[in-house]
Amino acid sequence: MRATSIPSHEKSFFKNGIDSSGKHYILKPESIDTGDGEILNYLDCKRTNNDDSYYYKEAINKTKIVLHFTAGYLKGDIAQLTIPSNHVSVPFVIARDGTVLKLWSSKYWSFHLGRGAIGGNTAMSRQTIGIELSNIGYLRENGQNLVSSYANTDIYCSKEETRFYKKLDSPFRKEHYFATYTQKQYESLALLLKYLTNTYNIPRQFLPTDKRYDTLTKNEVENFDGILSHVNYRASGKWDIGEAFEWDILINELSI
């Protein structure tokens, strides 16, 4: 899907509440105080058939927040995160227009780090809150275009549309091109992080700059409380949150 087509794709989901696999949802506007004197607006996103089998209703003390990108587009993102009885999900997805979708209460848990995750998929998934930003992830060259990893026919943008991607001077996990995020995503993410850090008393801190894209040791992940990303738990097979993510923008938004 072209980046320029994503706004209409997202509007279609917000209007009809139907994901890419045909599952239906009730989307209900809600708002909550972040605890910093600001209001977080979001959409409560629930299956119309009341299925909630993709997470565990077990309240766990939360110590960390893990940022992900979906490697997809919103309708597919929601479809993948709500597969019945799959138990691979996160409580929040942030669309490219900045809309925050709440799939389930963040006090519960579901797997979101994957097999081989440092510190253990179960242990770390239970104590962390996953947030997915809708973003196609890494891109590859196909002539004058950049395409997704799914197919050479899935054109995301042309190389001239530089606002939609970042080219790295040095590859990150063998990839040179990554889709960028929107300013509205950073703003919404900052509000959501304010709410979550206040609600669960999670330190509003980040890994040192030189550690943000490193695979951490078991000791490091177990002893760091704060905000990190999926790559910190996985040595291979994952790229999120990716080097197109502008940590400084997020940190600045959190300081406002």
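Definitions and cut-offs
- Residues numbered from 1 in each chain as written.
- Predicted model: local features only at pLDDT ≥ 70, side-chain atom pairs only at ≥ 80, totals over all residues.
- Heavy atoms only, no water.
- Pairing = 2+ DSSP bridges.
- Helix = DSSP H or I, 4+ residues; strand = E, 2+ residues; numbered from the N terminus.
- Axes fitted to C-alpha atoms, helices over the stretch in contact; angles between N-to-C directions.
- Salt bridge = Lys/Arg side-chain N within 4 Å of Asp/Glu carboxyl O.
- Buried < 20%, exposed > 50% of the residue type's maximum accessible area, 1.4 Å probe, protein only.
- Core = buried A, V, L, I, M, F, W, Y, C linked by side-chain atoms within 4.5 Å.
- Contact = heavy atoms within 4.5 Å.
- 1 Å grid on protein atoms, 1.4 Å probe; cavity = no way out; pocket = protein on both sides within 12 Å on 5 of 7 lines; lining within 4 Å.
- Points joined across faces, edges and corners; volume = space filled by probe spheres on them.
- Nonpolar A, V, L, I, M, F, W, Y, C, P; charged D, E, K, R; others polar.
- Expected span 1.5 Å × (residues − 1).

Caption draft 1: Structural detail: the sheet that holds strand E7 (residues 138-142). The 5 strands are arranged E9-E8-E7-E11-E10 in an open sheet whose pairing can be described as antiparallel. Two strands lie at the open edges of the sheet, namely strand E9 (155-158) and strand E10 (165-172), each paired on one side alone. Within the sheet, the average angular offset between the axes of one strand and its neighbour, ignoring direction, is 40°. The pairing of E7 with strand E11 (residues 175-179) spans 2 bridges and is classified as antiparallel. Within E11, the residue paired with Tyr-138 across the bridge is Phe-178.

Caption draft 2: Looking closely at the pattern of salt bridges. This model, assessed by the stated rule, comprises 13 salt bridges. A salt bridge links Glu-141 to Lys-159; its shortest N-O distance comes to 2.4 Å. Of the two residues, Glu-141 is situated in strand E7 and Lys-159 in the loop between E9 and E10; the sequence distance between them amounts to 18 residues. Given a relative accessible area of 47%, Glu-141 falls into the partly exposed group. Of the residues examined, Lys-159 reaches a relative accessible area of 23% and is grouped as partly exposed.

Caption draft 3: Just the nonpolar core, in detail. With 36 residues, the main nonpolar core has Leu-67, Ile-131, Phe-245 and Leu-250 as its most contacted residues. Put simply, the parts of the chain that give this core at least two residues each are strand E2 (39-47), strand E3 (64-69), strand E4 (92-94), strand E6 (128-133), E10, helix H4 (183-200) and helix H6 (247-255). At 8 residues, the largest contribution of residues to this core is made by H4. Those residues within four positions of Ile-131 in sequence are excluded, and the remaining contacts are Ile-65, Val-66, Leu-67, His-68, Val-90, Phe-92, Ile-94, Leu-189, Leu-192, Leu-193 and Leu-196. Formed by 17 residues, the second largest nonpolar core is a distinct cluster that contains Phe-13, Tyr-25, Ile-78 and Trp-104.

Caption draft 4: Examining empty space enclosed by the protein more closely. All chains considered together, the criterion is met by 1 cavity of 30 Å³ or more. Of the pockets and cavities examined, the largest cavity occupies roughly 40 Å³. Every residue along the wall of the largest cavity is listed here: Ile-6, Glu-10, Gly-72, Tyr-73, Leu-74, Arg-96, Ser-134, Asn-135, Ile-136 and Tyr-156. Considered class by class, the residues forming the lining of the largest cavity number 5 nonpolar, 3 polar and 2 charged.

Caption draft 5: Broad picture of H4. End to end, H4 covers 26 Å across 18 residues, agreeing with the expected 26 Å (1.5 Å per residue, within 8%). All buried positions along H4 are accounted for by Gln-185, Tyr-186, Ser-188, Leu-189, Ala-190, Leu-192, Leu-193, Lys-194, Tyr-195, Leu-196, Thr-197 and Tyr-200.

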